[in-house]
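Letter by letter, the chains look like this.
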Amino acid sequence: MSSLGSPAPGRPLRVCFFFNAQRHQMLHGVSTAVQLARTPGFEAHLLSPCPEHVAYGRRLVERLGGAPVVFSTVSPGLLSALRQATGASSPPKLVSLALLARRLSGFDAIAVPERTSILLRRLGVRGPLFVHLDHGAGDRAAGFDPRIREFDFVLMAGEKHRERLTREGLIRDGAYAVAGYPKFDAADAIRDPDWRPFDDRRPTVLYNPHFSGLGSWAAFGERVIAAFAGQARYNLIVAPHVRMTDGRARQALWRELAARYAGCRHIHFDTGSDRCIDMTYTTLADVYLGDVSSQVYEFLRTPRPCVFLDAHGVDWAADENYSHWRFGPVVTDPAALVETVDSAVAGHWRFLAPQIEGFAGTFDTAAEPASARAAEAIAGFVAQERGGRRPAPARGRGWRQAAALTVAAGAGWMANAALEKAPAPLAEARGFVDEAVTSHRTTLIRAAMKSQPEVREFDPAEIRAATGLSVPRLPSTLLLADVQIFPSNRGPIVQIAAATDRGEPISFVAMRMDTPAGAKPILETYKGERVVYWEDRGQAFGVVGAIPAERLLRLAAELAPGERIARRSRKES
C-alpha cells in the first residue's frame, strides 16, 4: 500500500484515469470515470498523451450524459514526434511513462486498463494508489498477468476472473471488486445502433482475428476471405483487433488487401475505425468467426453461432485458456469453412447452454450499471485508504450473493411490489427458472437471425387445446414479438416474447412444474436475468427480463391469470 497521508480537509480525492495505449482501452474506463466524477468528494481526471484519445473521451462523456471530468492531453514534443514518425495512434508506452511520471505523481489514485503502467512505481511514482481496470474478459493467460499482483485494487468483470485470479494469488481480500463490465455501458452509449455495412438480408459473419501469435490471421486469413468471396450465402465483415492495423505500415497492408476485394460487395473491411472497438460488429453480426479474442464474450451478450479457427494444432479441450472454444465448432483447416458455418448455424442449439453458462460466469450482471458499481468500489477503497471517509463496498454480486425475494400474497399481490426476503431457492425452482431463462434467450437468438420468421399473433384457446397450458393475452403495454412451444422432460413450455413500451425484450413462460412459490411469487436474479415466478392451479408461470425489479413485478401482475380471475370475480360480486 501507498504511504501517502490523508488529503487536506475539504479537498476532493483525485483519481486519474490514464490511457497510454490504443483507443479501444478507453471504453473500459471512461464510463467508470463519469460515475466517479458524479460522486461527492471525488474528482475524476482523464489523461492521455494522445489528443485524439482525449477528444474521444469527451464524446463518450457527453454520450453518457455528461459529468465534471477533467480532461488533459499531456504530450511532450518527443511523444508527438514518435507518433508522427510511425503513424501509430499512441507513442511507445515506456517512453510515455518516463516523461509523464512526475505529472502522475500528484494524484491520489491512478486507474489504468493495462499492466505496463505499474512500472510507474519503479520510476518513482510511490504516492498514488494503483487501480487495475478490467480490460477484456477473455480466457488467455495474458489476462491473468502476474503484474496484477502489484496493483493496490483490482476490478474484474465476473466470477470467472475472480476465481482464477484468486487461485493464482494475484488478488487479496479487501483489495478487489467484482463489478461487471463497464465497457457495455460505454459502447451502448457511443455506437450508432442503426448503421449497417450491407443493404441486403443475408446473414452476416464477423471475422475477428487477434493480433497475438496465437491468432489465425497469418496462417488462415486470406484463405478465409477467399472462401467467403467465392460464395453468395453470407456477408462477411473483416474486423481485426485494432492493434493489427495500428501504424502506417500496417495500415498500408490492410488497405491494399481491401482494395483487392473491392469488387465483392458482400465483404466489408474495417481497417481500424471506431466500429472495431465500440461493439458495432459484435452486436450486428449473426455469426462469430474468430480465434483467441475476448470479443467473443461481447458477441455472446446475445447467444449466436460461433466458429473458431485453430491455426496451431492446439490441444485445447482441457486448457482453460481456450475455454471459449466450447461455444462452437473448431476448424483446423479452412477448406470447408463456409460449410462449417452452415452447420454451426443449423446446430447452434448444441452450443447454446455452454454459451449462456460461459457468459454468466464471465460477466456479473445486475440492474445497476457496471460502471456505477465500479465507481462505487473505487470510491470506497480510495476513501478508506486516504482517510476513511467512505465505507468499503461489497466485493461481489451474483447468484450466490443475490437474495431471493417474495411478494406479499393476497389481492393485488404485485400491485404494490411489497418485497421481503425469502429462503434460498429450492432445486425444483432452479429447474423452472433455468427453463424460463433458456427459452427467453433462445427467443433473443431467433430475433437476431433474419432467416427466422416471428409469430405476430396467437390464440390462447388454441394453445390450451394443444398443450393444456393456460396463457393470458398480452396487456396493451406489451408488443408481441414471438410465440414458441419448446419441449422439455416435464412437458411443453409455452414462451411468449414481447417488448415493453421502452423496447426492452421480456418473456412470459408457462409450464407444468412444482416450485416453492405457490401463490406467493418469487423474484430471482439468475444468469444475468431477472425472473418473477409463481404457481396457479398446477401451472408454473414466469416473467423474464433484464429490467428493474419493480417494473418486472408490475408486468407479472398484469400477466398473472389467477390475479386476473380474482379481480374479475371481485368486480362481478
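Given the structure is predicted, the values throughout are model-derived calculations rather than measurements.

Colleague: Talk me through the overall build of the protein chain; I want residue IDs and the actual numbers.
Modeller: Looking only at helices and strands, one finds 17 helices and 21 strands in the protein chain. Considering only residue pairs separated by 6 or more positions, the protein chain has 65% of its internal contacts joining residues 24 or more positions apart. Carbon and sulfur atoms form 52% of the exposed surface of the protein chain, whose accessible area is close to 23800 Å².

Colleague: Tell me what's going on with the environment of Trp195, and back it up with residues and numbers.
Modeller: Within the fold, Trp195 resides in the loop between helix H6 (182–190) and strand S8 (204–208). Residue classification places Trp195 among the buried positions, given a relative accessible area of 17%. For the pair Trp195 and Leu284, spaced 89 residues apart in the sequence, the C-alpha separation amounts to 9.1 Å. With residues up to four places along the chain from it excluded, the contact list for Trp195 reads His268, Arg275, Thr280, Tyr281 and Leu284.

Colleague: Before we move on, could you go through the packing of aromatic side chains and cite the residues and values that matter?
Modeller: Overall, the coordinates contain 19 aromatic pairs when judged by the stated rule. Geometrically, the ring pair formed by Tyr181 and Phe184 is edge-to-face, given 4.8 Å between the ring centres and 70 degrees between the ring planes. Judged by relative accessible area, which is 3%, Tyr181 ranks as buried. For the ring pair Tyr288 and Phe299, a centre distance of 5.5 Å and an interplane angle of 45 degrees mean the geometry is tilted.

Colleague: Describe the packing of helix H7 (residues 217–229) against helix H8 (residues 248–260), naming the residues involved and giving the relevant values.
Modeller: Relative to each other, H7 and H8 sit at 25 degrees, their axes nearing to 11 Å. Classified by the angle their axes make, H7 and H8 are roughly parallel. The handedness of the crossing between H7 and H8 is right-handed. Across the interface between the two elements, Trp217, Glu222 and Ile225 of H7 pack against Trp254, Leu257 and Arg260 of H8.

Colleague: Break down the side chain of Thr467 for me, citing the residues and quoting the values.
Modeller: With respect to the helices and strands, the residue Thr467 is situated in helix H15 (residues 460–467). Using a relative accessible area of 18% as the deciding quantity, one classes Thr467 as buried. At 2.7 Å, the side chain of Thr467 forms a polar contact with the backbone oxygen of Ile463. Among the polar contacts made by the side chain of Thr467, one reaches the main-chain amide nitrogen of Leu469 at a distance of 3.1 Å. Leaving out residues up to four positions away in the same chain, Thr467 has contacts with Ile485, Pro492 and Val494.

Colleague: Please provide a residue-by-residue account of the sheet that holds strand S1 (residues 13–18), values included.
Modeller: With parallel pairing, seven strands are arranged side by side in an open sheet as S3-S2-S1-S4-S5-S6-S7. Whereas interior strands pair on both sides, the edge strands pair on one side only; in this sheet they are strand S3 (70–73) and strand S7 (176–178). On average, each strand axis in the sheet is tilted by 20 degrees relative to the strand beside it, whichever way the strands run. One ladder, built from four bridges, connects strand S4 (residues 109–112) with strand S5 (residues 129–132); its direction is parallel. In the sheet register, Ala109 faces S5, and the bridge partner there is Leu129.

Colleague: Got a sec to walk through the pattern of salt bridges? Specific residues and values, please.
Modeller: Enumeration over the complete set of coordinates arrives at 24 salt bridges. The closest approach of N and O atoms between Arg167 and Glu163, which form a salt bridge, is 3.1 Å. Placement of both Arg167 and Glu163 in helix H5 (residues 159–167) is noted, with a separation of four residues, approximately one turn of the helix. Accessibility expressed as a relative area gives 45% for Arg167, which makes it partly exposed. According to the relative accessible area criterion, Glu163 is partly exposed, its value standing at 35%. Here Asp188 and Arg191 are joined by a salt bridge, their closest N and O atoms 2.9 Å apart.

Colleague: For the side chain of His28, give the residues involved together with the corresponding values.
Modeller: Positionally, His28 belongs in the loop between S1 and helix H1 (30–37). Side-chain polar atoms of His28 contact the backbone oxygen of Asp134, separated by 3.4 Å. Setting aside residues no more than four positions away along its own chain, His28 makes contact with Pro113, Leu133, Asp134, His135, Gly136, Tyr181, Pro182 and Lys183.

Colleague: With reference to specific residues and values, describe H8.
Modeller: For H8, which comprises 13 residues, the first-to-last C-alpha distance of 19 Å matches the rise-based estimate of 18 Å (1.5 Å per residue) to within 8%. Gln251, Trp254 and Leu257 are the residues of H8 that are buried. Along the long axis of H8, the arc covered by the buried residues comes to 130 degrees, so they all point the same way. Along H8, the residues that are exposed and aim more than 90 degrees away from the buried face are Ala249, Leu253, Arg255 and Ala259. Buried residues in H8 make contact with H7, strand S9 (235–238) and strand S10 (267–269).

Colleague: So what's going on with the nonpolar core? Residues and values would help.
Modeller: Counting 70 residues, the largest nonpolar core has Phe17, Leu36 and Leu155 as the members making the most contacts within it. It is helix H13 (residues 370–385) that provides the largest number of residues to this core, a total of eight residues. When near neighbours in sequence (up to four residues on either side) are disregarded, Leu155 contacts His132, Leu133, Asp134, Ala177, Ala179, Ala374, Ala377 and Ile378.

Colleague: Describe the sheet that holds S8, and please don't skip the residues or the numbers.
Modeller: The pairing of strands in a sheet happens through backbone hydrogen bonds and is either parallel or antiparallel. With parallel pairing, six strands are arranged side by side in an open sheet as S10-S9-S8-S11-S12-S13. Every interior strand has two partners, whereas the edge strands, S10 and strand S13 (330–331), have only one. As paired strands, strand S11 (residues 287–290) and strand S12 (residues 306–309) are joined by three bridges and run parallel to one another. In the sheet register, Gly290 faces S12, and the bridge partner there is Phe308. Together, S8, S11, S12 and S13 form the strand contacts of helix H11 (residues 337–346), whose direction differs from that of S12 by roughly 145 degrees.

Colleague: Can you tell me about the packing of H1 against H13, naming the residues and giving the values?
Modeller: For the pair H1 and H13, the least separation of the axes is 8 Å and the interaxial angle reads 60 degrees. Accordingly, the angle class assigned to the pair H1 and H13 is oblique. For the crossing formed where H1 meets H13, the hand is right-handed. Across the interface between the two elements, Ser31, Thr32, Gln35 and Leu36 of H1 pack against Ser371, Ala372, Ala374, Ala375, Ile378 and Ala379 of H13. Within the contact of H1 with H13, the residues separate by chemical class into six nonpolar, four polar and no charged.

The rules behind the values
In every chain, residue numbers begin from 1 and rise along the written sequence. The predicted origin of the model limits local features to residues at a pLDDT of at least 70 and limits the giving and counting of side-chain atom pairs to 80 or more, whereas totals for whole chains, interfaces and linings rest on all residues. Side-chain numbers come from the whole structure's heavy atoms, not from hydrogens or water. Each helix is a run of DSSP H or I of at least 4 residues and each strand a run of E of at least 2, with the numbering of both proceeding from the N terminus. Here, two residues are considered to be in contact whenever any of their heavy atoms come within 4.5 Å of each other. Throughout, the Shrake-Rupley method with a 1.4 Å probe supplies accessible areas, and for residues the shown protein chains are the sole cover considered. Remark: exposure states derive from per-residue accessible area (1.4 Å probe, protein chains only) relative to the maximum for the residue type, with buried under 20%, exposed over 50%, and partly exposed in between. Only Phe, Tyr and Trp rings are paired, with Trp represented by its six-membered ring, and only when their centres lie within 6.5 Å; those with planes under 30 degrees apart are stacked, over 60 edge-to-face, the remainder tilted. Helix axes use the C-alpha atoms of the stretch in contact, all axes being lines fitted to C-alpha atoms, and the angles between their N-to-C directions lie in the range 0 to 180 degrees. An angle below 35 degrees is treated as roughly parallel, one above 145 as roughly antiparallel, one from 65 to 115 as roughly perpendicular, and anything else as oblique. With the far helix as reference, a near helix turned anticlockwise by less than a right angle produces a left-handed crossing, and one turned clockwise produces a right-handed crossing. Any N or O atom pair separated by 3.5 Å or less is treated as a polar contact, with the protein-specific requirement of one donor-capable and one acceptor-capable atom, and with residues adjacent in sequence counted only for side-chain atom pairs. Any two strands with at least two DSSP-identified bridges between them are counted as paired. We define a salt bridge as a contact between a side-chain nitrogen of Lys or Arg and a carboxyl oxygen of Asp or Glu at a distance within 4 Å. Expected span of a helix: the number of residues minus one, times 1.5 Å. Arc definition: directions from the helix axis to the C-beta atoms. To qualify as a nonpolar core, a set must consist of buried Ala, Val, Leu, Ile, Met, Phe, Trp, Tyr and Cys residues joined through side-chain atoms within 4.5 Å. Residue type decides the class: Asp, Glu, Lys and Arg count as charged, Ala, Val, Leu, Ile, Met, Phe, Trp, Tyr, Cys and Pro as nonpolar, and the leftover types, Gly among them, as polar.

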